[in-house]
Amino acid sequence: MNDSFDPAWSVDTLGIRAAELRSQWGEHSPGIFATSSFCFDSAEQAQATFAEQRGGYIYSRFTNPTVAAFEQRLAAMEGGDACVATASGMAAILSLSLTLLKQGDHVIASRTLFGSTISLFNNYVAKFGVRFSYVDPCDLDAWREQMGPDTKMLFVETPTNPLGEIVDLRGLADIAHRGEALLVVDNCFLTPALQRPLSLGADLVMHSATKYLDGQGRCVGGAIVGDAQRVGKQLFGFMRTCGPCMSPFNAWVFLKGLETLNLRMRAHGDGAQRIAEWLAQHPAVAQVHYAGLASHPQHELAKAQQSGFGGIVSFELHGGQAAAFRMINATRLLSITANLGDTRSTVTHPATTTHLRIGPELRERAGIRDGLVRLSIGLEGVDDLIADLEQALV
Ligand SMILES: *Cc1c(COP(=O)(O)O)cnc(C)c1O
């Protein structure tokens, strides 16, 4: 592995040149090390490797060259010291919860998190005696009021899903660090191409690699990035023992995905901006949620902490669920699927799919109404997407 990259390179360069993997054969594109274990020259060498007296790979639940290349490259792009790759985004959240929290701890989380994250916290992690409070993510006073001596973690997504609200990460990091808490940011929607939470004061960043890091909707995976102690030692120790690891094949797909991440994120954002502007003037549309619009209440904050606005646009139709379903069923170019961050544009009705399980009360409080539609703008021609939306919205 080529470790001699310069962390000061741009994210474009790091995505292509950081942690280049090359075997003795000199291949230009990285290989897939599809092996469950690694061989030793002697019993003594095996002993020294297990005792960590020498480096070297042992078993692919612990480490694997292809997985390690993905981890090191993503860490470089996020500006972190260490990264562990996981089997999915949810496995990343489970791993960091079980590693960093214990009975009696308190967590403050945004109430607009990805639906499964809230289910994971409430149905599984809470069983082990961890208490969760949910707050309006944009109201820093609400976070402050919940802070207590047992508060160990603040968990947030920005922009939020599906309403695209922007959370002030510097402000939130300050609140966390006035207490004993860590700030964890799910950076799935913007990726390090558009937002680097560690540089804004966050302690840990997590990803669903399934989305933009792959970028072509092929594999499920996740990752956690942060400092050498918490991620490199504690989370690595959890992964090694408990086993929610990433497969080498998936790591290879994500590694190649990182090479085009910056380019893709800019293209997704350009398309989303044009579509948000077009939707904003359409008579069937009550409201558009996209931080790239000057009318968005946190447009200035988004400009200050992000280098782009991303590819997710949501909007509310005047006609409620009936109008949303009619529009979704009439589109021809948008795939009706739960994934996002794909080359293909996708459409979802959050209230009846991704946010069904949190129940009507939490949905109401999170502002996810029945007329809301979420688009993930892909890489098709923007004129074709607008023409498709136009015929679907009559
Ligand atoms: C998809 C998603 C997750 C979960 O990731 P999986 O890879 O599906 O397990 C977590 N957070 C956000 C914001 C997501 O969009």
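Residues numbered from 1 in each chain as written. Predicted model: local features only at pLDDT ≥ 70, side-chain atom pairs only at ≥ 80, totals over all residues. Heavy atoms only, no water.

The next thing to look at is the UniProt feature "modified residue: N6-(pyridoxal phosphate)lysine" (unreviewed entry) in the protein chain. The sites that UniProt annotates as "modified residue: N6-(pyridoxal phosphate)lysine" (unreviewed entry) are Lys211. Turning to its location among the elements, lysine 211 is positioned in the loop between β6 (204–208) and β7 (222–226). Beyond its immediate stretch of four places on either side in the chain, lysine 211 contacts Phe114, Cys188, Asn339, Leu340 and Gly341. (UniProt positions renumbered as here; feature names shortened; annotations may be inferred. Helix = DSSP H or I, 4+ residues; strand = E, 2+ residues; numbered from the N terminus. Contact = heavy atoms within 4.5 Å.)

Here we come to helix α7 (residues 169–178). Along α7, the residues that are buried comprise Leu169, Gly171, Leu172, Ala173, Ile175 and Ala176. A side-chain oxygen of the first residue of α7 lies 3.2 Å from the backbone nitrogen of arginine 170; this N-cap is aspartate 168. (Buried < 20%, exposed > 50% of the residue type's maximum accessible area, 1.4 Å probe, protein only. Polar contact = N/O pair within 3.5 Å; in protein donor to acceptor, adjacent residues only side chain to side chain.)

Let us now look at the layout of surface pockets. In this structure, the largest pocket occupies an estimated 780 Å³ of space. Around the largest pocket, the lining is made up of 28 residues, and of these Thr63, Glu71, Gln72, Gly232 and Phe236 lie nearest the centre. Of all the secondary structure elements, the ones that give two or more residues to the lining of the largest pocket are α3 (65–78), β1 (82–86) and α9 (228–242). At six residues, α9 tops the list of elements feeding residues into the lining of the largest pocket. Here the lining of the largest pocket is built from residues that sort into 13 nonpolar, nine polar and six charged. What the second largest pocket holds in volume is close to 300 Å³. (1 Å grid on protein atoms, 1.4 Å probe; cavity = no way out; pocket = protein on both sides within 12 Å on 5 of 7 lines; lining within 4 Å. Points joined across faces, edges and corners; volume = space filled by probe spheres on them. Nonpolar A, V, L, I, M, F, W, Y, C, P; charged D, E, K, R; others polar.)

We now examine unusual backbone geometry. The amide bond that connects threonine 158 to the next residue, proline 159, takes the cis arrangement and shows omega of 0°. Mapped onto the secondary structure, proline 159 falls in the loop between β4 (151–157) and α7. In this model, asparagine 161 is joined to proline 162 through a cis peptide bond whose omega is 0°. Structurally, proline 162 can be placed in the loop between β4 and α7. One non-glycine residue, glutamate 52, adopts positive backbone phi at about 60°.

Turning to the pattern of salt bridges, a few remarks are in order. The full count for this structure, using the stated rule, is 17 salt bridges. Between lysine 102 and aspartate 105 there is a salt bridge, with the nearest N and O atoms lying 3.2 Å from each other. The residue glutamate 316 makes a salt bridge to arginine 369 at a minimum N-O spacing of 3.3 Å. Separated by 53 residues along the polypeptide, glutamate 316 in strand β9 (residues 312–317) and arginine 369 in the loop between α14 (359–366) and β12 (372–376) bring together distant segments of the chain. The buried category is assigned to glutamate 316, whose relative accessible area is 12%. Several salt bridges converge on common partners, so that one network encompasses Arg17, Glu20 and Arg22. (Salt bridge = Lys/Arg side-chain N within 4 Å of Asp/Glu carboxyl O.)

Turning next to the packing of aromatic side chains. Applying the stated criterion across every chain, the model contains eight aromatic pairs. Relative to phenylalanine 132, the ring of phenylalanine 121 has its centre 4.5 Å away and its plane inclined at 20°; by these criteria the two rings are stacked. Taken as a pair, phenylalanine 121 in helix α5 (residues 115–124) and phenylalanine 132 in strand β3 (residues 131–135) lie far apart in primary sequence, eleven residues in all. Pairwise contacts between aromatic rings join Phe121, Phe132 and Phe155 into one cluster. Between the NZ or CZ atom of lysine 211 and the centre of the ring of phenylalanine 114, over which it lies, the distance is 5.0 Å. (Phe/Tyr/Trp six-rings, centres within 6.5 Å; stacked < 30°, edge-to-face > 60°. Lys NZ or Arg CZ within 6 Å of the ring centre and 35° of its normal.)

A word on the site of the ligand. Every residue near the ligand is listed here: Ser88, Gly89, Met90, Phe114, Glu157, Asp186, Cys188, Phe189, Ser208, Thr210, Lys211 and Gly221. At 2.9 Å from an oxygen atom of the ligand is found a main-chain nitrogen or oxygen belonging to glycine 89. Within the contact set of the ligand, an oxygen atom lies 2.9 Å away from a backbone nitrogen or oxygen of methionine 90. When the ligand is considered free in solution it has 380 Å² of accessible area, and contact with the protein chains removes 91% of it. The residue inventory of the shell around the ligand, partitioned by class, reads four nonpolar, five polar and three charged. (Near = heavy atom within 4 Å. Areas by Shrake-Rupley, 256 points an atom, 1.4 Å probe, with all protein chains shown as cover.)

This paragraph deals with the pairing of strand β2 (residues 106–110). The buried fraction of β2 is high, at five of five residues. Both faces of β2 are covered, namely the face carrying His106, Ile108 and Ser110 and the face carrying Val107 and Ala109. With five bridges connecting them, β2 and β3 associate as parallel partners. Across the sheet, the residue bridging to valine 107 is phenylalanine 132, located in β3. At this point the chain moves from β2, through α5, to the parallel β3, and the crossover so formed is right-handed. Across four bridges, the pairing between β2 and β4 is parallel. Across the sheet, the residue bridging to valine 107 is methionine 153, located in β4. (Pairing = 2+ DSSP bridges. Right-handed = clockwise from strand over helix to strand, strands pointing away.)

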